[in-house]
Amino acid sequence: MSLINTEIKPFKATAYHNGKFVPVTNDTLKGKWSVVVFYPADFTFVCPDRARRSRRQLREFKKLGVEVYGVSTDTHFAHKAWHDTSDTIKKVQYPLVGDPTAALARNFEVLIEEEGLALRGTFVIDPKGLIKIMEVHDNGIGRDAKELLRK
């Protein structure tokens, strides 16, 4: 069954953003367009060139009033540690949401149960909290922020 046009399920999480731990809930995502990007884990390889291109696209998302959230099954503390030790991740301008119980990964149907990690999933959520785009990839396949912006 597809998640398209279904409402995001209630959740409460903590993100690391702009040097602080901040709450993020399903209500946080409502009232504006949001992009939720799942990735397997912190401290995994991030292509610096892809990250640089994604930052350019993030500025365009911001101009359109779209909020972006990165999510992995790591804790918000791990997100902070990754941010503090990686020159590439230090430049990330969006909240990194911790999902250590994998509740979000299950809600969005991207959890690899036996590994406790998320697949690479990208979800566009409208201001009403409805999922309008969902793309889920194997973890070996990258994403294209420019193409997501076009959509």
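What you see is a predicted model; the values in this text were computed from it and never measured.

Chemist: How should I be thinking about the packing of aromatic side chains in this particular structure?
Modeler: For any pair of aromatic rings, geometry is given as the distance between the ring centres together with the angle between the planes. Per the stated rule, a full pass over the model turns up 7 aromatic pairs. Taken together, a centroid distance of 5.3 Å and an interplanar angle of 50° make the contact between F38 and F108 tilted. With F38 in strand β3 (residues 34-38) and F108 in the loop between α5 (103-107) and β6 (111-112), the pair connects residues that are 70 residues apart, well separated along the chain. A residue is classified by how much of its surface remains accessible, and F38, at 0% relative accessible area, is buried. Judged by its relative accessible area of 4%, F108 falls in the buried class.

Chemist: How should the confidence of the model for the protein be read in this particular structure?
Modeler: If pLDDT is low for a region, its predicted coordinates should not be looked at in detail. On average, residues of the protein score 90 in pLDDT, and 93% of them are at 70 or above. Across the protein, the element-wise mean pLDDT spans from 70 in helix α2 (residues 48-63) up to 98 in strand β2 (residues 20-25).

Chemist: Looking at this structure, how should I read helix α3 (residues 76-85)?
Modeler: In an α-helix, one full turn covers 3.6 residues, which means residues spaced three or four apart are oriented alike. Among all positions in α3, only H76, A78, H79, W82 and H83 are buried. When α3 is viewed along its axis, its buried side chains cluster within an angular range of 155° and face the same direction. Of the residues in α3, the exposed ones pointing more than 90 degrees away from the buried face are F77 and T85. Lining the buried residues of α3 we find β1 (12-17), β2, β4 (67-72), α4 (87-90) and β5 (96-98).

Chemist: Can you help me understand the pairing of strand β8 (residues 120-125) in this one?
Modeler: Looking down a regular strand, the side chains alternate between one sheet face and the other. Among the 6 residues that make up β8, 6 are buried, leaving the element largely enclosed by the rest of the structure. Alternating positions in β8 separate into two faces, R120, T122 and V124 on one and G121, F123 and I125 on the other, with burial throughout. Strand direction decides the pairing type here: β8 and strand β9 (residues 131-137), joined by 6 bridges, are antiparallel. Each residue of the ladder has a partner; that of G121, found in β9, is V136. Counting the residues in the hairpin turn of β8 and β9 gives 5 residues, including G129, whose phi is positive at 90°.

Chemist: Sorry, what's going on with the environment of L29 here?
Modeler: The residue L29 is located in helix α1 (residues 26-29) in this model. In this structure the C-alpha to C-alpha distance between L29 and T101, which are 72 residues apart in sequence, comes to 20 Å. Setting aside residues no more than four positions away along its own chain, L29 makes contact with I8, F11, V24, S34, V36, Y69, I125 and D126.

Chemist: Teacher, can you tell me more about the environment of I141 here?
Modeler: Mapped onto the secondary structure, I141 falls in the loop between β9 and α6 (145-150). When its relative accessible area of 43% is taken as the criterion, I141 is described as partly exposed.

Chemist: Before we go on, may I ask you to explain the pattern of salt bridges in this structure?
Modeler: Side chains that differ in sign of charge can pair as their charged atoms come close. Applying the stated criterion to the full structure yields 7 salt bridges. For E7, the salt bridge is made with K30, and the minimal N-O distance between the two is 2.7 Å. Here K30 lies in the loop between α1 and β3 and E7 lies in the segment before β1, a separation of 23 residues in the sequence. Take K30: its relative accessible area is 25%, and that puts it in the partly exposed class.

Conventions we followed
Residues numbered from 1 in each chain as written. Predicted model: local features only at pLDDT ≥ 70, side-chain atom pairs only at ≥ 80, totals over all residues. Heavy atoms only, no water. Phe/Tyr/Trp six-rings, centres within 6.5 Å; stacked < 30°, edge-to-face > 60°. Helix = DSSP H or I, 4+ residues; strand = E, 2+ residues; numbered from the N terminus. Buried < 20%, exposed > 50% of the residue type's maximum accessible area, 1.4 Å probe, protein only. pLDDT = per-residue confidence, 0-100. Arc of directions from axis to C-beta. Contact = heavy atoms within 4.5 Å. Pairing = 2+ DSSP bridges. Salt bridge = Lys/Arg side-chain N within 4 Å of Asp/Glu carboxyl O.

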